[in-house]
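Coordinate inspection notes
What follows is each chain in one-letter form.
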Amino acid sequence: MNRSAKWRLALVALVAGPEAAAITAKVQRAFDAQRRAEERLRSFVADASHELRTPLATMHGWIDLYVQGGLRDPEQLDRAMERMQAEVGRMRLLVDELALLAQLDGARPLDLGPVDVVAVAGEVVDDARVVGADRTITLDGVPAAVVDGDGPRIRQVLRNLVGNAVQHTRPGAPVTVTVSDQGAEVVVTVRDEGDGIAPEHLPYVFERFYRADPSRSRDGAGSSGLGLAIVEAIVAAHGGTAGVTSVPGRGTTVRVTFPARALPAGPERTGRPARPGRAR
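Computed from a predicted structure; not experimentally measured.

Attention shifts here to the pattern of salt bridges. According to the stated counting rule, one finds nine salt bridges in the structure shown. Between Arg83 and Glu87 there is a salt bridge, with the nearest N and O atoms lying 3.0 Å from each other. Here Arg83 and its partner Glu87 are both found in helix H3 (residues 74-105), four residues apart, which amounts to about one turn of the helix. Assessed through its relative accessible area of 23%, Arg83 is described here as partly exposed.

Our focus in this paragraph is the sheet that holds strand E7 (residues 251-259). Pairing is mixed across the open sheet formed by five strands, whose spatial order is E2-E4-E5-E7-E6. If you trace the sheet from one side to the other, it starts and ends with strand E2 (137-141) and strand E6 (241-247), each paired once. Between one strand axis and the next, the sheet turns through 15° on average, direction left out of account. In the sheet, E6 pairs with E7 via seven bridges, with the strands oriented antiparallel. From the neighbouring strand, Ser246 faces E7, where its bridge partner is Thr252. The strands touched by helix H4 (residues 117-131) are E2, strand E4 (175-181) and strand E5 (185-192); relative to E2, the strand with the most contacts, the crossing angle is about 165°. On top of the sheet, helix H6 (residues 227-237) reaches E6 and E7; it is set at about 25° to E7, its chief contact.

The description of two packed helices rests on the angle between their axes and on the distance between the axes. Running from N to C, H3 and H6 cross one another at 30°; their axes reach a closest spacing of 10 Å. In terms of axis orientation, H3 runs roughly parallel to H6. H3 and H6 meet at a crossing whose hand is left-handed. From H3, Glu97, Leu100, Leu101 and Leu104 reach across to H6, where they touch Ala229, Ile230, Ala233, Ile234 and Ala237. Considered class by class, the residues forming the contact of H3 with H6 number eight nonpolar, no polar and one charged.

This brings us to a nonpolar patch on the surface. On the surface, a cluster of nonpolar side chains totalling about 500 Å² of accessible area is made up of Ile63, Tyr66, Val67, Leu77 and Met81. Among the secondary structure elements, those contributing two or more residues to the nonpolar patch are helix H2 (18-67) and H3. The element best represented in the nonpolar patch is H2, accounting for three residues. Residue position: Val67 is located in helix H2.

Attention now moves to the nonpolar core. One broad trend across soluble globular proteins is that nonpolar side chains are buried collectively. Within the largest apolar cluster, 46 residues are counted, with the highest numbers of intra-cluster contacts made by Val157, Leu158, Leu161, Val177, Val179 and Val256. Excluding its chain neighbours within four sequence positions, the residues that come into contact with Val177 are Ala121, Val125, Thr138, Leu139, Asp140, Val162, Val188, Thr189 and Val190.

Across its 17 residues, helix H5 (residues 151-167) extends 24 Å between first and last C-alpha, which sits within 8% of the 24 Å expected from 1.5 Å per residue. Every buried residue of H5 is accounted for by Gly151, Ile154, Val157, Leu158, Asn160, Leu161, Val162, Ala165 and Val166.

Moving on, we get to the environment of Gly240. Within the secondary structure, Gly240 is located in the loop between H6 and E6. With a relative accessible area of 16%, Gly240 lands in the buried category. For the pair Gly240 and Thr257, spaced 17 residues apart in the sequence, the C-alpha separation amounts to 5.0 Å. Residues contacting Gly240, with those up to four places away along its chain left out, are Val235, Thr257 and Pro259.

When a strand is regular, its side chains alternate between the sheet's two faces. Most of E7 is tucked away, with seven of its nine residues classed as buried. Bridge count for E5 against E7 is eight bridges, and the pairing is antiparallel. If you follow Val188 over to E7, its bridge partner there is Val256. Turn length for the E6-E7 hairpin, with the two strands adjacent in sequence and antiparallel, is three residues, and the turn residue Gly249 shows positive phi of about 85°.

Further remarks concern the confidence of the model for the protein. On average, residues of the protein score 78 in pLDDT, and 72% of them reach the 70 mark or higher. Ignoring residues within four places in sequence, the model shows residues 215-222, a span with pLDDT below 50, making eleven contacts including any to other chains. Note on residues 267-280: pLDDT under 50 across the span, and 22 contacts to partners over four residues away in sequence or across chains.

Calculation notes
Residues numbered from 1 in each chain as written. Predicted model: local features only at pLDDT ≥ 70, side-chain atom pairs only at ≥ 80, totals over all residues. Heavy atoms only, no water. Salt bridge = Lys/Arg side-chain N within 4 Å of Asp/Glu carboxyl O. Helix = DSSP H or I, 4+ residues; strand = E, 2+ residues; numbered from the N terminus. Buried < 20%, exposed > 50% of the residue type's maximum accessible area, 1.4 Å probe, protein only. Pairing = 2+ DSSP bridges. Axes fitted to C-alpha atoms, helices over the stretch in contact; angles between N-to-C directions. Contact = heavy atoms within 4.5 Å. Parallel < 35°, antiparallel > 145°, perpendicular 65-115°, else oblique. Left-handed = near helix turned anticlockwise from the far one by under 90°. Nonpolar A, V, L, I, M, F, W, Y, C, P; charged D, E, K, R; others polar. Patch = residues over 30% accessible without salt bridge, like charges linked within 9 Å, V, L, I, M, F, W, Y side chains within 5 Å. Areas by Shrake-Rupley, 256 points an atom, 1.4 Å probe, with all protein chains shown as cover. Core = buried A, V, L, I, M, F, W, Y, C linked by side-chain atoms within 4.5 Å. Expected span 1.5 Å × (residues − 1). pLDDT = per-residue confidence, 0-100.

The following block contains the structure:
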């Protein structure tokens, strides 16, 4: 809201009395909310443009080098093609992540159905062990925990959390995934024993494109900075919550919750004896 509009609202409130003042305050809050939304949008677009500019500049550099005759050796040409292919993959991933966030922001409905979070976590952990053979990745908790959710999206949450823990910790640092059924909600925690996150960064780790340390990347390419933002958006779309705690030098724990699936009381829910938690 510009200055003249604010003065006009203030004058109307002064002349018309308390009821008009209340209406004016609501209008002003609406204008302020719109302004904040526009600022967030501008910041988001600027960040996205910056993220896309980097791989484009890298590809342009390799192409320019080829055009100028600087890639005469077949090995150099193969190397250039590999680097450009990697940058294309990076851009494709970023575009896919941005599209997903746009869908979630638009409140598009999820494809809900019964999802066993423990089974999904087991698949994600198995995949992570293949990729990160240099570390111990453990799955603990209950034998099963079913929620009404979107299976692929819940799988993405777990992949992002485990992948983030593996990517941003030193080689060999253990990672533990725990799934617990607390009645009204299913809780998933992913804990690593890495270097932790400084307290001043913790309030911002779920923000889009935020990086506590932009240089922390094991593949050298850097991450998009959208992994945890996507986690929070998917979890929120399911009616759950996401949070993080960290102790510098001792590791980080990310905790997400999903509302448990509502099942009728009876043998199907209460008649089976509890089985001990498993470790994979």
